[in-house]
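# Observations on the three-dimensional arrangement
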Amino acid sequence: MGMVPISARVACQLVKLEYDKARCTHHNAGVYARQVLLSLPLEVDGIVRLALHSLGVYLDLGYTGNEWLSAVLEASHYGHSFRRCFFFDYKEQRRPYPRVTNRGVQTSPPASNGRVRKGRINA
């Protein structure tokens, strides 16, 4: 098991512990993930912090913890990057490798019938 599934499971357990500790308050579910995030020592790995942030966002969006965990585990199983595993809906519409040149991200040029010769388009 890699760092993504372990971090996701740790994040879920930390939020469950925080929820059980403060069960009498009526907060939105994402608040508990942010409370855990604020109370963690600085030595905790950044990927666990990212997992807690992601869990808090998706709990605010109406997902359950089990739905979030299963989606993260599935994305990790298929080999996605850890950012895409934790923010699956946000990264879903992006291509994995945008065309980047020294002028920034480029879109595909419109199709033309001309030939390319020595860096110029000839009609």
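To be clear, the structure that these remarks concern was listed above.
Residues numbered from 1 in each chain as written. Predicted model: local features only at pLDDT ≥ 70, side-chain atom pairs only at ≥ 80, totals over all residues. Heavy atoms only, no water.

## Considerations on the nonpolar core
Let me state the cut-off plainly: For this analysis, a nonpolar core means a set of buried residues of the types Ala, Val, Leu, Ile, Met, Phe, Trp, Tyr and Cys, connected via side-chain atoms within 4.5 Å. Residue exposure (1.4 Å probe, protein chains only): buried if accessible area is under 20% of the type maximum, exposed if over 50%, otherwise partly exposed. Put simply, DSSP marks the helices as runs of H or I at least four residues long and the strands as runs of E at least two long, and each gets a number from the N terminus on. Here, two residues are considered to be in contact whenever any of their heavy atoms come within 4.5 Å of each other.
Of all hydrophobic cores here, the largest spans 26 residues; its most connected members are Val15, Leu52, Leu55, Trp68, Val72 and Phe86. Considering each element in turn, this core owes the most residues, 7 residues, to helix α3 (residues 46–60). If we skip the residues at most four places from it in the chain, valine 15 touches Tyr32, Ala33, Val36, Leu52, Leu55 and Leu59.

## Some thoughts on helix α2 (residues 29–39)
Counting along an α-helix, one turn takes 3.6 residues, and residues three or four places apart therefore face a common direction. Short version of the rule: The arc under discussion is defined with respect to the helix axis, by the directions toward the C-beta atoms.
Along α2, the residues that are buried comprise Gly30, Tyr32, Ala33 and Val36. In an axial view of α2, the angular spread of the buried residues amounts to 155°, which keeps them on one side of the axis. Along α2, the residues that are exposed and aim more than 90 degrees away from the buried face are Leu38 and Ser39. In this structure, the buried residues of α2 make contact with α1 (3–21) and α3.

## Quick look at the side chain of serine 7
Structurally, the position occupied by serine 7 is in helix α1. For serine 7, a relative accessible area of 1% puts it in the buried group. Those residues in contact with serine 7 that sit more than four places away from it in its chain are Ile47, Val48, Ala51 and Phe86.

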